[in-house]
Amino acid sequence: EIGECVKRLKQARFVIVGPGAAGQEREFLGAKGIYVGFPEFKALYEKVDRDKAAEWAGRWTKQAEKVMEPTTEWINRAGAVYLAMLDLMKDRGADSITMNCLGGFSSGQLPAYPCLGFMQILDDGGQGVCEAMPDDTVSMILARILTGRAGYVSDPALDTSKNQIVYSHCMAHTKVFGPKGEANKFRIRTLHNRDPRGCCAESFLPEGYMTTTFRTNVGAKKLVLHQAKSVGNLDADRGCRTQLLGDVRGDIGKLFREWDLFGWHRVTVYGDIQEPLVELAKALGLEVVKEA
């Protein structure tokens, strides 16, 4: 019921770590974004129980099909960042977090990358979202409200010769059908920049399913969407680590021509949710753009 979905969106709260004025709160389509600075996050990181962090690191290492480049030390640090994120969300009454991970780490304000922690939060039914992006986060919340499933944020690349799209990112979940669904295999890798201190999941997402990919633009009051059938994963040693391959439903030429009008990121959720998503977008006062 769309009215219920709108109500749930208005109850949603998420934490934005890094950009903006710490302590500021903003509304995004009714959901509340709470800005937190890196100093507060770092203070929480310093207090984390290091044995518990190592426990999580050990769990991820065991679950992974393979640990490729990262060392135990940096996986342990990722475990500590994960526990600090849980503490921060609990403190703010939120179950979603987005963080300026690349800028925070390169400037020395973030002690390790949050990617493995994001994977865990997503697999457990919450949301960990890359790069401090409110529109990505709101889109992920919409996907979860409609389906009970986590979305996958990516920087897609188009292959017009094959009518295919590659949904690429250095962070993905492993439970595309929700917390109670089966987990797909993943490896622990360094990020796209190959920094030996980085750890993320290269997730091999399931093939053979219709997916719906979309993103809000709160400022422009629009929602853009297209659909594709998942047909496998690239395991290429260039670019981002998780690379889901999709056969586009519709006109890839149109998708290609209009792509950058809307920003680069998209959120992909497993399932054909185009109809309810369009209804929900209209209820939120958004214009729907079918980009393929």
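Preceding this section is the structure that the text describes.
Let me begin by describing the structure that accompanies this report. (Residues numbered from 1 in each chain as written. Predicted model: local features only at pLDDT ≥ 70, side-chain atom pairs only at ≥ 80, totals over all residues. Heavy atoms only, no water.)

### Brief notes about the overall build of the protein
Looking only at helices and strands, the protein has 9 helices and 15 strands in total. A compact globule built from 292 residues should have a C-alpha radius of gyration of about 19 Å, and the protein, at 18 Å, falls within 12% of that. The C-alpha extent of the protein, read off along each of the three principal axes, is 50 × 40 × 35 Å. When burial is assessed residue by residue, the protein has 54% of its 292 residues classed as buried. The long-range share in the protein, meaning contacts at least 24 apart out of those at least 6 apart in sequence, stands at 67%. With the model as given, the accessible surface of the protein reaches about 12200 Å², and the carbon-plus-sulfur share is 48%. Distance between charge centroids for the protein: 1 Å, based on 38 positive and 37 negative side chains. (Helix = DSSP H or I, 4+ residues; strand = E, 2+ residues; numbered from the N terminus. Rg over C-alpha atoms; globule rule 2.2 N^0.38 Å. Buried < 20%, exposed > 50% of the residue type's maximum accessible area, 1.4 Å probe, protein only. Contact = heavy atoms within 4.5 Å. Areas by Shrake-Rupley, 256 points an atom, 1.4 Å probe, with all protein chains shown as cover. Lys, Arg positive; Asp, Glu negative; His and termini not counted. Charge placed at Lys NZ, Arg CZ, Asp CG, Glu CD.)

### What about the packing of aromatic side chains?
Applying the stated criterion across every chain, the model contains 9 aromatic pairs. Taken together, W56, W60 and Y82 form an aromatic cluster joined through their ring pairs. When the ring centre of Y45 is taken as reference, the NZ or CZ atom of R50 above it lies at 4.6 Å. A cation sits over an aromatic face here: K185 above F204, 5.0 Å from the ring centre. (Phe/Tyr/Trp six-rings, centres within 6.5 Å; stacked < 30°, edge-to-face > 60°. Lys NZ or Arg CZ within 6 Å of the ring centre and 35° of its normal.)

### Some details on helix α4 (residues 72–92)
In this model α4 runs 31 Å from its N-terminal to its C-terminal C-alpha over 21 residues, within 8% of the 30 Å that 1.5 Å per residue would give. At the exit of α4 stands G93, carrying a positive phi of roughly 65°. (Expected span 1.5 Å × (residues − 1).)

### Regarding the sheet that holds strand β9 (residues 186–189)
Taken in spatial order, the 3 strands of this open sheet run β4-β9-β10, and their pairing is mixed. Each edge of the open sheet is held by one strand with a lone partner, namely β4 (66–67) and β10 (200–203). Strand direction decides the pairing type here: β9 and β10, joined by 4 bridges, are antiparallel. When the bridges of β10 are listed, R187 appears paired with E202. (Pairing = 2+ DSSP bridges.)

### A word on the sheet that holds strand β6 (residues 127–130)
Remark on secondary structure: sheet strands pair via backbone hydrogen bonds, oriented parallel or antiparallel. Reading across from one edge, β2-β3-β1-β5-β6 is the order of the 5 strands in this open sheet, with mixed pairing throughout. Edge positions in the open sheet fall to β2 (25–28) and β6, since each of these has one partner strand only. The average angle at which neighbouring strand axes cross in this sheet is 25°, direction not considered. As paired elements, strand β1 (residues 13–17) and strand β5 (residues 96–99) share 4 bridges and run parallel to each other. Within β5, the position partnered with V17 by the bridge is M99. (Axes fitted to C-alpha atoms, helices over the stretch in contact; angles between N-to-C directions.)

### Structural notes on the environment of C200
Among the secondary structure elements, C200 is positioned in strand β10. Taking the C-alpha atoms as reference points, C200 and V288, separated by 88 residues in sequence, lie 33 Å from one another.

### Structural notes on unusual backbone geometry
In the Ramachandran plot, L29 falls in the positive-phi region, its phi being about 55° despite a non-glycine side chain. Note on L29: relative accessible area 18%, which makes it buried.

### Quick look at the nonpolar core
The nonpolar side chains of a soluble globular protein tend to be buried with one another. Core analysis: the biggest nonpolar cluster contains 81 residues, and V17, F41, W60, I97, M99, L116 and F214 have the highest contact counts within it. Broken down by element, the residue count for this core peaks at 11 residues, all from α4. Those residues in contact with W60 that lie beyond four places of it in its chain are I75, A78, G79, Y82, L116, G117, M119, Q120, F186 and I188. One finds L205, A228, L244 and V248 within the second-largest nonpolar core, a separate group that totals 13 residues. (Core = buried A, V, L, I, M, F, W, Y, C linked by side-chain atoms within 4.5 Å.)

### Quick look at the environment of M133
Within the element layout of this structure, M133 appears in the loop between β6 and α7 (134–147). Look at M133 and you get partly exposed, because its relative accessible area is 25%. Separated by 35 residues in sequence, M133 and T98 have C-alpha atoms that sit 6.5 Å apart. What M133 contacts, discounting residues up to four positions off in sequence, is T98, R215 and H265.

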